[in-house]
Amino acid sequence: MRIGVLGTGNMADALATHWVRAGHDVVIGGRDVRKAERLATRLGGSAKPASPRAAAEFGQVVLAALPFGAGASVVRELRAVLDGKVLLDCSNPVGPGFRLLTQSGLSAAQRLAAAAPGTHVVKAFNLCHGDVWRMTPPVFDGRPLAVPVCGDDETALALVHQLVRQVGCEPVVGGGLERAGLLEATAALFIGLWVGEGADAQAIAPPLAYAAGPGHEESDETKGFFVRSS
């Protein structure tokens, strides 16, 4: 697979490392040429440095490893060369006080889709720090890390599921791109718990066997999850 990477930071480094090891051809696109060269050298293998435009032109899948504030403008500049490609968004629109910056509008992933309407945007890899993605593989208590994936195009989703597995994780169907905002809100909550409170976010959810309550009849699956007004 040909993978273009927009960005030269922690997430670009962590994820691209796995994909180079898996044998993919990777081009690192950075506005700072020296940073792109240093990252490509560190990755080794097939990795090559380039401009953001060249990386976008090269990739069948393009990872937007960009800060939330910059992502849409960069993608808008590249929309012509991104047309028809898979655009993988791992950003988190989280601001000071662990505040979600998109509460009143589109999710970060939807903003990328609006900036380049011809792309197939997929949301994934946003729930963990870059150092978790560096693990080989990210396995905890014998269980591979699960990665929720949101998107609308089945071919794009299949490619991203493959890339998730090559990081050593298990993809989880997260629904369409309209649900990407839920992933971003989850990241804001988890980061606030982990960093702000020093709390174990895993402890807030019961095991799957208990998620729907003691009775698993189909008609009762979601009965306890909703409060209905009278």
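Cut-offs used in this document
Residues numbered from 1 in each chain as written. Predicted model: local features only at pLDDT ≥ 70, side-chain atom pairs only at ≥ 80, totals over all residues. Heavy atoms only, no water. Buried < 20%, exposed > 50% of the residue type's maximum accessible area, 1.4 Å probe, protein only. Helix = DSSP H or I, 4+ residues; strand = E, 2+ residues; numbered from the N terminus. Arc of directions from axis to C-beta. Contact = heavy atoms within 4.5 Å. Polar contact = N/O pair within 3.5 Å; in protein donor to acceptor, adjacent residues only side chain to side chain. Pairing = 2+ DSSP bridges. Axes fitted to C-alpha atoms, helices over the stretch in contact; angles between N-to-C directions. Salt bridge = Lys/Arg side-chain N within 4 Å of Asp/Glu carboxyl O. Core = buried A, V, L, I, M, F, W, Y, C linked by side-chain atoms within 4.5 Å. Expected span 1.5 Å × (residues − 1). 1 Å grid on protein atoms, 1.4 Å probe; cavity = no way out; pocket = protein on both sides within 12 Å on 5 of 7 lines; lining within 4 Å. Points joined across faces, edges and corners; volume = space filled by probe spheres on them. Nonpolar A, V, L, I, M, F, W, Y, C, P; charged D, E, K, R; others polar.

Asks: I keep staring at helix 2 (residues 33-43) and nothing clicks. Help me out?
Replies: Residues lying three or four places apart along an α-helix face the same way, a consequence of the helix completing one turn every 3.6 residues. Looking only at helix 2, the buried set comprises Ala36, Leu39, Ala40 and Leu43. Seen along its axis, helix 2 keeps its buried residues to an arc of 100°; they face one direction. Across helix 2 from its buried face, at more than 90 degrees, point the exposed residues Arg34, Thr41 and Arg42. Residues of helix 2 that are buried in the fold lie against helix 1 (10-21), strand 2 (25-29) and strand 3 (48-50). Between the side-chain oxygen of the N-cap and the backbone nitrogen of Arg34 there are 3.1 Å, and the N-cap of helix 2 in question is Asp32. Positive backbone phi, approximately 70°, marks Gly44, located one or two places after helix 2.

Asks: Which parts of the structure should I look at to understand the sheet that holds strand 3?
Replies: Strands pair in a sheet through their backbones, by hydrogen bonds, and they do so in one of two ways: parallel or antiparallel. A sheet is described by the order of its strands in space; here eight strands give the open sequence 3-2-1-4-5-8-11-12, paired in mixed fashion. In the strand order of this sheet, the two ends are held by strand 3 and strand 12 (170-173), each with one partner. Neighbouring strand axes in the sheet, compared pairwise and without regard to direction, differ in orientation by 30° on average. In this structure, strand 8 (residues 120-123) lies alongside strand 11 (residues 146-151), joined through two bridges in antiparallel fashion. Directly across from Lys123, in strand 11, lies its bridge partner Cys150.

Asks: Looking at this structure, how should I read the pattern of salt bridges?
Replies: Note on pairing: side chains with opposite charge can pair once their charged atoms come close. Within the structure shown, the criterion is met by six salt bridges. In this structure, Asp89 engages Lys123 in a salt bridge whose closest nitrogen and oxygen atoms are separated by 2.7 Å. In this pair, Asp89 is assigned in strand 5 (residues 86-89) and Lys123 in strand 8, connecting sequence segments 34 residues apart. Of the residues examined, Asp89 reaches a relative accessible area of 1% and is grouped as buried.

Asks: Is there a simple way to think about the environment of Ala209 in this case?
Replies: By secondary structure assignment, the location of Ala209 is in the segment after helix 9 (180-197). Separated by 31 residues in the primary sequence, Ala209 and Glu178 place their C-alpha atoms 27 Å from one another.

Asks: Is there a simple way to explain the nonpolar core in this structure?
Replies: As a rule of thumb, nonpolar side chains are buried together in soluble globular proteins. Trp19, Leu88, Phe125 and Trp133 are the most contacted members of the largest nonpolar core, which has 36 residues in total. Elements represented by at least two residues in this core include exactly strand 1 (2-6), helix 1, strand 2, helix 2, strand 4 (61-64), strand 5, strand 11 and helix 8 (154-166). What Phe125 contacts, discounting residues up to four positions off in sequence, is Met11, Leu15, Trp19, Leu88, Cys90, Trp133, Val147, Leu163, Val164 and Val167. Core analysis: the next-biggest nonpolar cluster, separate from the first, contains 25 residues, Val27, Val62, Leu78 and Ala180 among them.

Asks: Would you explain helix 1 in this entry?
Replies: With twelve residues, helix 1 should reach 16 Å at 1.5 Å per residue; the first-to-last C-alpha distance of 17 Å fits that figure. The element helix 1 is extensively covered by neighbouring structure, given that ten of its twelve residues are classed as buried. Those residues of helix 1 that fall on the buried side of the exposure criterion are Met11, Ala12, Asp13, Ala14, Leu15, Ala16, Thr17, His18, Trp19 and Val20. Immediately downstream of helix 1, the backbone of Gly23 shows phi near 100°, a positive value.

Asks: Looking at this structure, how should I read the layout of surface pockets?
Replies: Taken as a whole, the largest pocket holds about 1,500 Å³ of empty space. Lining the largest pocket are 33 residues; nearest its centre among them are Arg143, Ala146, Phe190, Gln202 and Ala205. Of all elements in the fold, only helix 7 (130-134), strand 10 (143-144), strand 11, strand 12 and helix 9 reach the threshold of two or more residues within the lining of the largest pocket. Considering each element in turn, the lining of the largest pocket owes the most residues, six residues, to helix 9. In terms of residue class, the lining of the largest pocket is made up of 25 nonpolar, four polar and four charged. Of the pockets and cavities examined, the second largest pocket occupies roughly 460 Å³. Residue lining of the second largest pocket: 22 residues in total, with Met11, Cys90, Asn92, Cys128 and His129 positioned closest to the centre.

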